[in-house]
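Analysis of the macromolecular model
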Amino acid sequence: MDSPDMQRVSLYLPRKLVQEADRTKEKCGFSSRNEFYAKAVESFIAEQLLEDDVIKSALTDKLARAVHALSEDNARAISKGLFRYAVQLEILLRMFAQVSEFSDDELKEMRREAVNNVRRTRGKIPLEEIMRGYYNEE
């Protein structure tokens, strides 16, 4: 009883191979031998096609272009986010500068401490600890 899109195929396979295939079919959750063998043949064909240098080269080029495009999109999104944060930080710094008076030497010392702390902790100091001065005690 062939249907328009299906065809019966008779195979003679080693008994041990059929037993192993049946165990694997169950383990992988296939509902029938037909489904399992069809997927196995599809997988084998795909593997053989990937061995073809022309196809491998085409897939490699497509994959490289896709990765490049995705990385550019991600870089653009990160850049936009950093720009927004920099604008907000600039506003805060301007507000802080208007109400504070620090000498040039004090500002240089604060910058030096900040650079050292960020290098040492990779920026993982909670704001609360900075406000309490805990990070300078280490």
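In this report, the structure presented in the accompanying data block is examined. Computed from a predicted structure; not experimentally measured.

**Some thoughts on the side chain of Ser100**
- Relative to the assigned elements, Ser100 resides in the loop between helix 3 (53–99) and helix 4 (104–121).
- Judged by its relative accessible area of 18%, Ser100 is buried.
- At a separation of 3.1 Å, a polar atom in the side chain of Ser100 contacts the main-chain carbonyl oxygen of Phe96.

**A closer look at a nonpolar patch on the surface**
- Where nonpolar side chains cluster on the molecular surface, the patch consists of Phe83, Val87, Leu89, Ile91, Leu92, Leu93 and Met95 and spans about 690 Å² of accessible area.
- With respect to the helices and strands, the residue Leu92 is situated in helix 3.

**Structural notes on helix 4**
- Between the first and last C-alpha of helix 4 there are 26 Å, a value that for 18 residues agrees with the 26 Å anticipated at 1.5 Å per step.
- Following helix 4 by one or two positions, Arg122 adopts a phi angle in the positive range, close to 55°.

**Re helix 1 (residues 15–28)**
- For helix 1, with 14 residues, the first-to-last C-alpha span of 20 Å sits near the 20 Å given by 1.5 Å per residue.
- When we look at burial in helix 1, the residues that qualify are Val18, Ala21 and Lys25. Each buried residue of helix 1 sits inside an arc of 60° when the element is viewed along its axis, so together they form one side. Among the exposed residues of helix 1, those oriented more than 90 degrees off its buried face are Lys16, Arg23, Glu26 and Lys27.
- Elements that come into contact with the buried residues of helix 1 comprise helix 2 (33–51).

Scoring rules and cut-offs
Residues numbered from 1 in each chain as written. Predicted model: local features only at pLDDT ≥ 70, side-chain atom pairs only at ≥ 80, totals over all residues. Heavy atoms only, no water. Helix = DSSP H or I, 4+ residues; strand = E, 2+ residues; numbered from the N terminus. Buried < 20%, exposed > 50% of the residue type's maximum accessible area, 1.4 Å probe, protein only. Polar contact = N/O pair within 3.5 Å; in protein donor to acceptor, adjacent residues only side chain to side chain. Patch = residues over 30% accessible without salt bridge, like charges linked within 9 Å, V, L, I, M, F, W, Y side chains within 5 Å. Areas by Shrake-Rupley, 256 points an atom, 1.4 Å probe, with all protein chains shown as cover. Salt bridge = Lys/Arg side-chain N within 4 Å of Asp/Glu carboxyl O. Expected span 1.5 Å × (residues − 1). Arc of directions from axis to C-beta. Contact = heavy atoms within 4.5 Å.

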